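Now for the letters of each chain:
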Amino acid sequence: MAHANAALINALRRTAEKLAKGAAYQWGHMGSCNCGNLAQELTQLTKAEIHQFAMQGRGDWREQVEEFCPTSGLPMDLLIADLLNYGLTTTDLQNLERLSDKKVLARIPVEKRYELQHNVRNDVILYMNEWARLLEEELLPHVKIDLSFMNEESEEVLLNQEETFQLA
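Here is what the cut-offs are and how they apply
Residues numbered from 1 in each chain as written. Predicted model: local features only at pLDDT ≥ 70, side-chain atom pairs only at ≥ 80, totals over all residues. Heavy atoms only, no water. Helix = DSSP H or I, 4+ residues; strand = E, 2+ residues; numbered from the N terminus. Buried < 20%, exposed > 50% of the residue type's maximum accessible area, 1.4 Å probe, protein only. Contact = heavy atoms within 4.5 Å. Areas by Shrake-Rupley, 256 points an atom, 1.4 Å probe, with all protein chains shown as cover. Polar contact = N/O pair within 3.5 Å; in protein donor to acceptor, adjacent residues only side chain to side chain. Salt bridge = Lys/Arg side-chain N within 4 Å of Asp/Glu carboxyl O. Core = buried A, V, L, I, M, F, W, Y, C linked by side-chain atoms within 4.5 Å.

Along its length, the protein chain carries ten helices and zero strands. The buried share among the 168 residues of the protein chain stands at 36%. Excluding contacts between residues fewer than 6 apart, the proportion of contacts in the protein chain whose partners are at least 24 apart in sequence is 60%. Roughly 9900 Å² of accessible area belongs to the protein chain as shown, and the carbon and sulfur atoms make up 53% of that amount.

Right under this line is the structure:
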């Protein structure tokens with residue numbers, strides 16, 4: 001499973017939102033399929049650029065990921081390496097293309113879980129949003145927030161209240 005991080009979580013949410021608002025979606029097009037849309041968000045490459053990279057290799061995302069070689073210098077391998085730098089794994093990319101990660105699927109209501117289709121926009125949106133929630137739940141226990149500034153504000157408020165009380 002992907003390494004939970006804010007950049008990836010936000011990219012999944014933005015991708016799902018863009019798809020919900022009508023962004024280009026075509027499962028058979030390497031730049032506008034499930035992985036292609038997320039890759040656009042993470043890399044700022046266009047769907048045409050991603051598709052062009054993919055056409056220099058063989059197969060769909062699953063096959064290209066299976067043959068991924070970080071030292072090949074092929075554009076698609078460089079793109080996959082970039083995606084991996086965001087905390088994704090090659091398995092994540094394969095699962096995203098087929099909407100098949102068991103942890104994500106387990107969070108989707110049973111009546112919908114077994115009807116998900118990997119090439120249906122609304123199912124991709126549901127999967128990405130649920131995956132983002134899962135990653136967020138994994139990340140939140142590790143997030144530390146410095147709230148020491150609140151103690152200073154509380155003391156100021158307390159002083160102001162005491163001053164008001166003394167004046168009255």
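There's more to say after this.
Once that is clear, we can look at the side chain of Asn95. With respect to the helices, strands and loops of the structure, Asn95 is situated in helix H6 (residues 90-98). On the accessibility criterion, Asn95 (13% relative accessible area) is buried. Among the polar contacts listed, one links the side chain of Asn95 to the side chain of Asp101, at a separation of 3.4 Å. When near neighbours in sequence (up to four residues on either side) are disregarded, Asn95 contacts Ser100, Asp101 and Tyr127.

With that settled, the discussion passes to the pattern of salt bridges. Should the charged atoms of two oppositely charged side chains come close, the side chains can pair. The final tally for this structure, using the stated rule, is twelve salt bridges. The shortest N-O distance in the salt bridge between Glu17 and Lys21 comes to 2.9 Å. Here Glu17 falls in the partly exposed class, since its relative accessible area comes to 43%. In this structure, Glu41 engages Lys18 in a salt bridge whose closest nitrogen and oxygen atoms are separated by 2.6 Å.

Moving on to the nonpolar core. Counting 40 residues, the largest nonpolar core has Trp61, Leu88 and Trp131 as the members making the most contacts within it. When residues of this core are traced back to their parent elements, those giving at least two are helix H1 (6-20), helix H2 (34-43), helix H3 (47-55), helix H4 (61-66), helix H5 (75-84), H6, helix H7 (102-105) and helix H9 (121-139). The greatest single-element share of this core, amounting to eight residues, is contributed by H9. In contact with Trp61, other than residues within four places in its own chain, are Met30, Cys33, Cys35, Gly36, Ala39, Ile50, Met76, Leu79, Ile80, Leu83 and Glu97.

Note that Leu78 resides in helix H5. Judged by its relative accessible area of 48%, Leu78 is partly exposed. Measuring from C-alpha to C-alpha, the distance between Leu78 and Phe53 comes to 9.3 Å, with 25 residues separating the pair along the chain.

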